[in-house]
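# Residue-level structural notes
As a plain string of letters, each chain reads:
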Amino acid sequence: MAKVSSSTALPVSAKTVWAVIGNFNALPDWHPAVEKSELKKENGSTVRKLSLVGGGSIEEKLEQVDDKERRYTYTILSGPLPVSNYTATLRVRDSDKGCSVEWSSEFEAKGAPEGDAVAAISGIYEAGFENLKKMFGG
């Protein structure tokens, strides 16, 4: 299994950032690659369909959410990314100078070398973090 873990510091409270990114359907509000997110219930589970800028879509299932700990975990059900068995966690923690946003995942490369899959996932995380820095400073 490949692993990717990235984090960024923001000069605002964890509560402020979680209010923006903590909703499983909020990715279009802060990630520049996501145009639209639609939630649906499927066999008692929450699933989001992400429409990507430039075309394509990804379906993801919410596995766990903990608003007190400010984190949620999700899996990818389908999409164009070169990964399978993908599980990720997005978390916001308080820090001395504001907060830290952490995005980590484990997955298997599918249809591409592992290095390419890691680079693709890392790029997604970094694009989200760069936009959060624009939104909140940092």
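Residues numbered from 1 in each chain as written. Predicted model: local features only at pLDDT ≥ 70, side-chain atom pairs only at ≥ 80, totals over all residues. Heavy atoms only, no water.

Let us now look at the overall build of the protein chain. Scanning the protein chain from terminus to terminus reveals three helices and seven strands. Helices and strands in the protein chain line up, N terminus first, as β-α-α-β-β-β-β-β-β-α. Overall, the protein chain is about 40 × 35 × 30 Å in size when its C-alpha atoms are taken along their principal axes. A burial count over the protein chain gives 40% of its 138 residues as buried. Contacts spanning at least 24 positions in sequence make up 47% of the contacts within the protein chain whose residues lie at least 6 apart. Accessible surface, the protein chain: about 7200 Å² in total, of which carbon and sulfur atoms supply 46%. Charge separation in the protein chain, taken as the distance between the mean sites of 17 positive and 19 negative side-chain charges, equals 4 Å. (Helix = DSSP H or I, 4+ residues; strand = E, 2+ residues; numbered from the N terminus. Buried < 20%, exposed > 50% of the residue type's maximum accessible area, 1.4 Å probe, protein only. Contact = heavy atoms within 4.5 Å. Areas by Shrake-Rupley, 256 points an atom, 1.4 Å probe, with all protein chains shown as cover. Lys, Arg positive; Asp, Glu negative; His and termini not counted. Charge placed at Lys NZ, Arg CZ, Asp CG, Glu CD.)

Moving on, we come to the layout of surface pockets. As a volume, the largest pocket reaches approximately 160 Å³. Taken together, 16 residues line the largest pocket, and the ones lying closest to its centre are L50, I58, E60, L81 and I124. Looking at the lining of the largest pocket residue by residue, the classes come out as 14 nonpolar, one polar and one charged. (1 Å grid on protein atoms, 1.4 Å probe; cavity = no way out; pocket = protein on both sides within 12 Å on 5 of 7 lines; lining within 4 Å. Points joined across faces, edges and corners; volume = space filled by probe spheres on them. Nonpolar A, V, L, I, M, F, W, Y, C, P; charged D, E, K, R; others polar.)

Strand residues, when the strand is regular, have side chains that alternate between the two faces of the sheet. Taken together, the nine bridges between strand 1 (residues 2–10) and strand 7 (residues 98–109) define a ladder with antiparallel strand orientation. Note that in strand 7 the partner of V4 across the bridge is S105. In terms of strand pairing, strand 6 (residues 83–95) meets strand 7 through eleven bridges, oriented antiparallel. Paired with L90 across the two strands is W103, which belongs to strand 7. With antiparallel pairing between neighbouring strands as the criterion, strand 6 and strand 7 make up a hairpin whose turn holds two residues. (Pairing = 2+ DSSP bridges.)

Another point: the nonpolar core. Core analysis: the largest hydrophobic core is formed by 33 residues, its most contacted members being I21, Y86, V101 and W103. Among the elements that make up this core, the one with the highest residue count is helix 3 (residues 114–136) (six residues). (Core = buried A, V, L, I, M, F, W, Y, C linked by side-chain atoms within 4.5 Å.)

When you line up the elements, S100 lands in strand 7. Looking at S100, the relative accessible area reads 17%, which means it is buried. With residues up to four places along the chain from it excluded, the contact list for S100 reads S7, T8, A9, R91, V92, R93 and S95.

Now for the environment of S51. By the secondary structure assignment, S51 is in strand 3 (residues 45–52). The class of S51 is buried, set by a relative accessible area of 16%. Here the alpha-carbon distance between S51 and E35, two residues 16 residues apart in the chain, equals 5.5 Å. If we ignore the near neighbours within four places in the chain, the residues touching S51 are A33, V34, E35, K36 and G56.

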